Amino acid sequence: MNLILNDNYLEIKNITLIKEFNEERFLIEIDSIPYEIKGTELVLDDVSNGNTAVKIKGNINSISKTNISKKKEKSFIKRLLA
């Protein structure tokens, strides 16, 4: 994981997934490990390196590992019979 925290933004590298984001929360995976970033006035400012690096501007309160629930797909047979 590669995090760089500056005065007004957070730069993150090795992103494998951006699940969701809004002004108060980002759910992302870094090196396939899920993280939650909480704060206020959060904005996705820059995406680079083939969508694997981002800059998030705003007031960052916390960064923590979390569980991102992945929707389990039904088996092929169950989808056919549905």
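Summarised in this report is the structure supplied together with it. (Residues numbered from 1 in each chain as written. Predicted model: local features only at pLDDT ≥ 70, side-chain atom pairs only at ≥ 80, totals over all residues. Heavy atoms only, no water.)

1. Points about the overall build of the protein
- The helix and strand inventory of the protein stands at one helix and six strands.
- If you list the helices and strands of the protein from N to C, you get β-β-β-β-β-β-α.
- Residues counted as buried form 23% of the 82 residues belonging to the protein.
- Relative to all contacts within the protein whose residues are 6 or more apart in sequence, the contacts with residues 24 or more apart total 40%.
- Surface exposure of the protein reaches about 6,000 Å², of which carbon and sulfur atoms provide 47%. (Helix = DSSP H or I, 4+ residues; strand = E, 2+ residues; numbered from the N terminus. Buried < 20%, exposed > 50% of the residue type's maximum accessible area, 1.4 Å probe, protein only. Contact = heavy atoms within 4.5 Å. Areas by Shrake-Rupley, 256 points an atom, 1.4 Å probe, with all protein chains shown as cover.)

2. Examining the sheet that holds strand S5 (residues 33-48)
- Pairing within the open sheet is antiparallel, and its six strands lie in the order S1-S2-S6-S5-S4-S3. Every interior strand has two partners, whereas the edge strands, strand S1 (2-5) and strand S3 (15-21), have only one. Sheet twist, expressed as the mean angle between neighbouring strand axes with direction ignored, is 45 degrees.
- Looking at chain direction, S5 and strand S6 (residues 53-65) are connected through 11 bridges and run antiparallel. Opposite Ser48, over in S6, you have Ala53 as the bridge partner. (Pairing = 2+ DSSP bridges. Axes fitted to C-alpha atoms, helices over the stretch in contact; angles between N-to-C directions.)

3. Some details on the environment of Arg25
- Within the element layout of this structure, Arg25 appears in strand S4 (residues 25-30).
- The sequence separation of Arg25 and Glu41 amounts to 16 residues, and the corresponding C-alpha distance is 9.4 Å.
- When sequence neighbours within four positions are dropped, the list of residues in contact with Arg25 reads Glu20, Glu36, Ile37 and Leu42.
- Here Glu36 takes part through its side chain, which lies 3.1 Å from a polar atom of the side chain of Arg25. (Polar contact = N/O pair within 3.5 Å; in protein donor to acceptor, adjacent residues only side chain to side chain.)

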